Amino acid sequence: MFMNQPEVVMIGLGYIGLPTAALIAQTKTHVHGVDINPKVVETINQGKIHIVEPELDTAVENAVKNGFLLASTKPVSANNYLVVVPTPFKSKNEPDISFVEAATHSIIPLLKEGDLYIIESTSPIGTTEKMRDLIYSQRPELIDKLFIAYCPERVLPGNVMYELVHNDRVIGGIDDKSTRKAIDFYKQFIKGDLHSTNARTAEMCKLVENSSRDVQIAFANELSLICDKADINVWELIDLANKHPRVNILQPGCGVGGHCIAVDPYFIVADYPMESQIIGKAREINNYKSFWCAEKVQTAKLEFELNKNRKPSIAIMGLAFKPNIDDLRESPAKYIAQKVLQNANNEQYYIVEPNIESHNVFKLTDYKLAADKADIIVFLVAHDEFKTLEINENSIGFLRNP
Ligand SMILES: NC(=O)c1ccc[n+]([C@@H]2O[C@H](COP(=O)([O-])OP(=O)(O)OC[C@H]3O[C@@H](n4cnc5c(N)ncnc54)[C@H](O)[C@@H]3O)[C@@H](O)[C@H]2O)c1
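Procedures and definitions
Per-chain numbering applies: the sequence of each chain, read as written, is numbered from 1 onward. In view of the model being predicted, local features appear only for residues whose pLDDT reaches at least 70, and side-chain atom pairs are presented and counted only at 80 or more, with totals across whole chains, interfaces and linings using the full set of residues. With hydrogens and water excluded, all non-hydrogen atoms of the structure serve as input to the side-chain values. In DSSP terms, a helix is any run of H or I states spanning at least four residues, a strand is any run of E spanning at least two, and both are numbered starting from the N terminus. A radius of gyration in this sense is built from C-alpha atoms; the matching globule rule multiplies 2.2 Å by the number of residues raised to 0.38. The buried label goes to any residue with under 20% of its type's maximum accessible area, the exposed label to any with over 50%, and the partly exposed label to all in between, with areas taken from a 1.4 Å probe on protein chains only. Residues count as neighbours in contact if any of their non-hydrogen atoms are within 4.5 Å of one another. For the accessible areas, the method is Shrake-Rupley and the probe is 1.4 Å, while residue cover comes only from the protein chains on display. In this count, Lys and Arg are taken as positive residues and Asp and Glu as negative ones, while His and the chain termini are left out. By convention, charge coordinates are those of NZ in Lys, CZ in Arg, CG in Asp, or CD in Glu. Axis geometry follows a simple rule: fit a line to the C-alpha atoms, using only the stretch in contact for helices, then measure angles between N-to-C directions, giving values from 0 to 180 degrees. Angular relationships are summarised with four words: roughly parallel below 35 degrees, roughly antiparallel beyond 145, roughly perpendicular across 65 to 115, and oblique for the angles in between. Each helix crossing is assigned a hand: it is left-handed if the near helix lies turned anticlockwise from the far helix by less than a right angle, otherwise right-handed if that turn is clockwise. Put simply, a patch holds well-exposed residues, over 30% relative accessible area, that have no salt bridge, with like charges counted together within 9 Å and Val, Leu, Ile, Met, Phe, Trp or Tyr side chains within 5 Å. In the sections that follow, a salt bridge refers to a side-chain nitrogen of Lys or Arg positioned within 4 Å of a carboxyl oxygen of Asp or Glu. Pairing of aromatic rings covers Phe, Tyr and Trp, the last counted by its six-membered ring, and requires centre-to-centre distances within 6.5 Å; plane angles under 30 degrees mean stacked, over 60 mean edge-to-face, and any other angle means tilted. Paired strands are those between which DSSP finds at least two bridges. Working note: the arc is built from the helix axis to C-beta atom directions. Definition of a polar contact: a pair of N or O atoms within 3.5 Å, with one able to donate and the other able to accept a hydrogen when the atoms are protein atoms, and with sequence-neighbouring residues admitted only if both atoms are side-chain atoms. Within this scheme, the nonpolar core is defined by two criteria: the residues are buried Ala, Val, Leu, Ile, Met, Phe, Trp, Tyr or Cys, and they are joined through side-chain atoms within 4.5 Å. Distances are taken per atom, and a residue is near a molecule or strand as soon as one of its heavy atoms is within 4 Å of it. For this classification, the nonpolar set comprises Ala, Val, Leu, Ile, Met, Phe, Trp, Tyr, Cys and Pro, the charged set comprises Asp, Glu, Lys and Arg, and every other residue, Gly included, is treated as polar.

**So, the overall build of the chain**
Counting its regular elements, the chain contains 13 helices and twelve strands. Relative to the 2.2 N^0.38 estimate, which gives 21 Å for 402 residues, the radius of gyration of the chain is 24 Å and therefore close to what a compact globule would have. Over its C-alpha atoms, taken along the principal directions, the chain stretches across nearly 80 × 45 × 40 Å. For the chain, buried positions account for 51% of its 402 residues. Across the chain, contacts joining residues at least 24 apart in sequence account for 70% of those joining residues at least 6 apart. For the chain, the computed accessible surface area is about 19500 Å², with 51% contributed by carbon and sulfur atoms. Side chains of the chain give 42 positive and 52 negative charges; the mean places of these two sets differ by 1 Å.

Put into structure tokens, the structure is as follows:
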């Protein structure tokens, strides 16, 4: 326990909450971190971390050692409360804000006049107002006496400790005084510009940033499907089109994955299905691209069998959702590997993911061995390791590089 009341309570000590807690603690501010997972709490209180993120280990070790960060499964009274819990989607691609609600419930009894409550979790439009109504329904004596705001996070995993400090932030309160109060709070830790707006715009801003990426990638993926049918090299085509001074087409791939770009657009589509035609269609196109890739592998297998009169061996290169990481969340490569294996018919398969040691579903093979042994090599993720591999005549690449 801190000797005095902490200034900040951080609810959710995952990929975003823990680095943010450590950053705030670095400024000699007492942070009380809360997580419902007792293992997470125990690890942090030992000065260690439970996630992989460069420079986070020393930041947490110092924060805990110097007494500015303490973790617990229960919140305590403070002046500032930050909610950084997961916001996944349920079946039918609808956002699940139950974690945000649970986190809010846990602090409602602790709130007092003048406190600042901020949601950082990626959230559907209107979530901050919903939480305001929830809080005030249980504490009507606090109506208009709290500061309530939304401030989304936009860091890149792998570079979080730098980006947390230097990225610009969008901050939207439920009223102007909340926005100003939240900006004053973040000013203490953040060097990037702080842009003020209202809560709904800030919520939408986060969703739009990722939807914009998704739509642009869908355009490139759609081109790759058209070019395949039209017998045009899509990479050459995009290079040439991008010579236009105002055209900048992204690169196609085997789909879109991860817990942000592949998820956040659904938060808009679920609430505004009629209005979000392009955003919804982009999600469909990017999902379809993964299905199409799996079908391509199936065709290559059958063609090999027909031509060589034997079953091929197949290497699936990469499972992660993007190059050089170990994160398989919503990964199109993982989906393709599963789909290909569902169609297996006594072929030999080598599943490769150099960034993880083992997997509970896939038996993993060393990437060099797999590339050496396989008749058909399917490149799904542009991991650095794959760039030096020799490719054979039957290789299939859904990526420019390798
Ligand atoms: N990871 C990213 O790169 C990233 C980037 C931008 C935005 N976000 C958003 O930030 C939010 C958090 O993401 P994350 O990656 O840090 O998630 P995470 O799963 O890594 O961490 C969330 C933590 O919250 C804890 N938790 C859940 N319910 C709780 C509760 N009621 N009380 C206390 N703790 C609770 C979990 O045990 C977990 O440790 C999400 O909305 C996500 O979409 C994440």
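**Considerations on the packing of helix α10 (residues 264-271) against helix α11 (residues 277-308)**
For the pair α10 and α11, the least separation of the axes is 9 Å and the interaxial angle reads 135 degrees. Regarding the angle of α10 to α11, the classification is oblique. The handedness of the crossing between α10 and α11 is left-handed. Contact with α10, carried on its side by P265, Y266, I268 and V269, involves I279, G280, R283 and N287 of α11 and no other residues of that element.

**A word on a nonpolar patch on the surface**
A grouping of Y288, F291 and Y335 is seen on the molecular surface, where their side chains present a nonpolar patch of about 260 Å² in accessible area. Among the secondary structure elements, F291 is positioned in helix α11.

**Things to note about the packing of aromatic side chains**
In the structure shown here, the tally under the stated rule is six aromatic pairs. Ring centres of F185 and F189 lie 5.1 Å apart, and the angle between their planes is 70 degrees; on these two criteria the pair is classed as edge-to-face. Accessibility classification places F185 together with F189 in one group, the buried group. Considering the side-chain rings of Y367 and F386, the 6.2 Å spacing of their centres and the 50 degrees angle between planes classify their relative orientation as tilted. Of this pair, Y367 sits in helix α13 (residues 367-373) while F386 sits in the loop between β11 (376-379) and β12 (396-397), and the two are 19 residues apart along the sequence.

**Brief notes about the sheet that holds strand β1 (residues 8-11)**
Sheet architecture is open: eight strands sit in the order β3-β2-β1-β4-β5-β6-β7-β8, paired in mixed fashion. Single-partner strands in this sheet number two, and they are β3 (69-72) and β8 (194-198). Pairs of neighbouring strands in the sheet enclose a mean axial angle of 25 degrees, with direction left out of account. Here helix α1 (residues 17-26) sits on the sheet and contacts β1, β2 (31-34) and β3; the angle it forms with β1, its principal contact strand, is near 165 degrees. Across the sheet, helix α8 (residues 199-230) lies against β6 (147-150), β7 (169-173) and β8, angled at about 115 degrees from β8, the strand it touches most.

**Remarks on the environment of A21**
Looking at the secondary structure, you find A21 in helix α1. A21 sits ten residues away from V31 along the chain, and the two C-alpha atoms are 6.4 Å apart. In this structure, A21 is in contact with M10, L13, V31 and L69, ignoring residues within four places of it in sequence.

**Quick word on helix α12 (residues 332-342)**
For α12, the complete set of buried residues consists of P332, A333, I336, A337 and V340. All buried residues of α12 lie within an arc of 140 degrees about the axis, which places them on one face of the element. Turning to α12, the residues buried within the fold contact α11, β9 (313-317) and β10 (348-352). The distance from a side-chain oxygen at the start of α12 to the backbone nitrogen of A333 is 3.2 Å, and the residue carrying that oxygen is S331.

**Examining the nonpolar core**
Ranked by internal contacts, the top residues of the largest apolar core, which has 42 residues, are I44, L69, I118, F185 and Y186. With six residues, the single largest contributor to this core is α1. Look past the residues within four positions of F185 in its chain and what remains in contact with it is V8, I24, N80, L82, L116 and I118. In terms of nonpolar packing, the next biggest core, distinct from the first, is built from 27 residues, I316, I336, A337 and F398 among them.

**Notes on the site of the ligand**
Lining the immediate surroundings of the ligand are 22 residues, of which Y15, I16, D35, T87 and T122 lie closest. A distance of 3.4 Å separates an oxygen atom of the ligand from a polar atom in the backbone of V85. T87 has a polar side-chain atom sitting 2.6 Å from an oxygen atom of the ligand. If the ligand stood free it would expose 830 Å²; the protein chains cover 88% of that surface. If one sorts the elements of the shell around the ligand by residue count, helix α4 (residues 98-107) sits on top with three residues. Here the residues of the shell around the ligand sort into 13 nonpolar, six polar and three charged.

**A word on the pattern of salt bridges**
Across all of its chains, the model carries 17 salt bridges by this definition. With a shortest N-O distance of 2.7 Å, R139 and E141 are connected by a salt bridge. Accessibility expressed as a relative area gives 16% for R139, which makes it buried. Here E141 falls in the partly exposed class, since its relative accessible area comes to 45%.

**Considerations on the environment of P6**
If you trace the backbone, P6 turns up in the segment before β1. Relative accessible area serves as the criterion here: at 6%, P6 is assigned to the buried category. Apart from the residues within four sequence positions on either side, P6 is in contact with H30, V31, H32, V76, S77, A78 and N79.

Treat this as a map of the structure, not an account of what it does.
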